[in-house]
Amino acid sequence: VSQGLYDSLNVGRGSQDEPADVIENRARAAGWFGVDREDLNTCFQIHSTIAIVADGSWGDARPQGDAVVSKTPGVVCGALHADCAPVLIVDPEARVVAAAHAGWRGALDGVVQAAVDSMVELGARPERMVAAVGPCIGPASYEVGLEFMQKFEADCPGSKRFFKPGKSDEKRYFDLPAFVLDRIDTAGIEQREWIGRDTCAEDAHFFSNRRAVLNGQKDYGRLLSAIMLEG
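Just so it is clear, the structure is predicted and the values come from calculations on it, not from any experiment.

S.K.: Mind laying out unusual backbone geometry, listing which residues take part and the relevant values?
M.R.: The residue His47 is not glycine, and still its phi comes out positive at about 60°. Following the sequence through the fold, His47 ends up in the loop between strand S1 (40-41) and strand S2 (51-53). Look at Asp83: it is not a glycine, yet its phi comes out positive at around 135°. Along the chain, Asp83 falls in the loop between strand S4 (76-81) and strand S5 (85-91). Note on Asp83: relative accessible area 8%, which makes it buried.

S.K.: I'd like a description of the pattern of salt bridges, backed by residues and values.
M.R.: By the definition in use, this model includes 12 salt bridges. Residue Arg28 is joined to Glu24 by a salt bridge in which the shortest nitrogen-to-oxygen separation is 2.9 Å. Placement of the pair is Arg28 and Glu24 together in helix H1 (residues 19-32), with a separation of four residues, close to one helical turn. Salt bridges here are not isolated pairs; linked through shared partners, they connect Arg37, Glu38 and Asp60.

S.K.: Give me the lowdown on a nonpolar patch on the surface, citing residues and values where you can.
M.R.: Taken together, the side chains of Phe44, Ile46 and Ile50 define a hydrophobic patch exposed on the protein surface, amounting to about 220 Å² of accessible area. Structurally, Phe44 can be placed in the loop between S1 and S2.

S.K.: Residues and numbers for helix H5 (residues 176-186), please.
M.R.: Structurally, the α-helix is built with 3.6 residues per turn, so residues lying three or four positions apart point the same way. Where H5 is concerned, the buried positions are Leu176, Pro177, Phe179, Val180, Leu181, Asp182 and Ile184. The distance from a side-chain oxygen at the start of H5 to the backbone nitrogen of Ala178 is 3.1 Å, and the residue carrying that oxygen is Asp175.

S.K.: Please give an account of the side chain of Arg211 that cites residues and values.
M.R.: Turning to its location among the elements, Arg211 is positioned in helix H6 (residues 209-214). Despite its burial, Arg211 pairs with no opposite charge; the closest candidate is Asp203, at 5.0 Å N-O. With residues near it in sequence (within four places) discarded, Arg211 still touches Thr199, Cys200, Glu202, Asp203 and Phe206.

S.K.: Tell me about the sheet that holds strand S10 (residues 171-174), residues and numbers included.
M.R.: The strand order S8-S10-S9 describes an open sheet built from three strands, whose pairing is antiparallel. The open sheet has two free edges, formed respectively by strand S8 (143-145) and strand S9 (163-165), since each of these has just one partner strand. For this sheet, the mean angle separating the axes of adjacent strands, direction not counted, is 45°. Sheet topology note: the S9/S10 ladder contains three bridges and is antiparallel. Pairing of Pro165 across the sheet is with Arg172, part of S10.

S.K.: Describe the sheet that holds strand S3 (residues 67-70), with residues and values.
M.R.: Reading across from one edge, S2-S3-S6-S5-S7-S11 is the order of the six strands in this open sheet, with mixed pairing throughout. Unpaired on one side and paired on the other, S2 and strand S11 (191-194) mark the two borders of the sheet. Along the sheet, successive strands turn relative to each other by an average axial angle of 15°, direction set aside. Of the pairings in the sheet, the one linking S2 to S3 comprises three bridges and is parallel in character. Directly across from Ile52, in S3, lies its bridge partner Val68. Here helix H3 (residues 111-121) sits on the sheet and contacts S2, S3, S5 and strand S6 (96-102); the angle it forms with S6, its principal contact strand, is near 165°. Each of S5, S6, strand S7 (130-133) and S11 touches H5; the most contacted strand, S11, lies at about 170° to it.

Conventions adopted
Numbers given to residues run from 1 along each chain, matching the order in which its sequence is written. A pLDDT threshold of at least 70 governs which residues receive local features in this predicted model, and a stricter bar of 80 or more applies before side-chain atom pairs are shown or counted, although totals over entire chains, interfaces and linings include all residues. Side-chain figures throughout are based on the complete set of non-hydrogen atoms in the structure, without hydrogens or water. A run of H or I in DSSP becomes a helix once it reaches four residues, and a run of E becomes a strand once it reaches two; helices and strands are each numbered from the N terminus. A 1.4 Å probe rolled over the protein chains alone gives each residue an accessible area, and that area as a share of the maximum for its type sets the label: buried under 20%, exposed over 50%, partly exposed in between. Salt bridge, as used here, is a side-chain nitrogen of Lys or Arg placed within 4 Å of a carboxyl oxygen of Asp or Glu. Like charges within 9 Å and nonpolar side chains (Val, Leu, Ile, Met, Phe, Trp, Tyr) within 5 Å are joined into patches, using only residues over 30% in relative accessible area that form no salt bridge. Accessible areas in this description were obtained via Shrake-Rupley with a 1.4 Å probe; residue shielding takes into account the shown protein chains only. Definition of a polar contact: a pair of N or O atoms within 3.5 Å, with one able to donate and the other able to accept a hydrogen when the atoms are protein atoms, and with sequence-neighbouring residues admitted only if both atoms are side-chain atoms. Positive charge is attributed to Lys and Arg, negative charge to Asp and Glu, and no charge count is given to His or to the chain ends. By definition in these notes, contact holds between two residues if any of their heavy atoms fall within 4.5 Å. One requirement defines pairing of two strands: DSSP has to find at least two bridges between them. Here an angle of 0 to 180 degrees is reported between the N-to-C directions of two axes, which are lines fitted to C-alpha atoms, with helices fitted over the stretch in contact.

By themselves, these observations are geometric and do not establish any function.
Next comes the structure, spelled out in C-alpha cells:
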C-alpha cells in the first residue's frame, strides 16, 4: 500500500515510509504465509554475524542481528534487503529453517556460517541443507574502489576472483551473489543457487539502496525474503 519512493510492498520499519503503510504491508506479507503480522520475525539489522533463534513470534520486537533461525512451525524467519543478499536455508529432514541478511560486510565476516551453526545446534546438518540467495545487487551493478577489493583479499585470501575490471583502473565490479554462494559452499551446503535477479538494475521490481543514491533519492523501501516451517 506504500506510495512514492516506497511504492509497493515496503516492509522496512527503518524506512521513512508511513508507519501505518509499513504495518499493513507486513501484515500482507505475513498473510501470504497464512499467519498474523506478529508472526513475521525480522531483526534490526546491523551488518553483523548475530544469528537469533526464534522459538515463537516476536510481535513488534526488533532484536539486533542479521539472521533468524527456527524449528517452530508457523514462525516466519525474514531478512530485509535492498541490494544486500538475502539467504534462505532449510534442512527438510531436521525441519530447521533460517533467513540471513548478507551484505558485503556480513558475508565477509561470516553471517552465513553463523546461521548454519545455529541451525546445527537445533539438529540440522549442512549436507542436508538447501540454500537460496534472493534478489540482490548484481555483478554488473556493483562498482567499488580498489581498497574494497584489497580488504576482501586481506580478510579472505583468494577473493580477487569475485572482482572484475571497472570503468577505470581505480574501480572494480564486485560479484556479491557469487561471493555469498562461495560462503554457503564453505559452510558445507552443496545445494545452493542465486535467483539471478539484480535489485539495482530492475527498478520496476525491486527496491535498491544504490539506485536511490545514484538517483539522489532521500530513502528507499526494503524488500523481504522469508521462510517458514508449515505445521
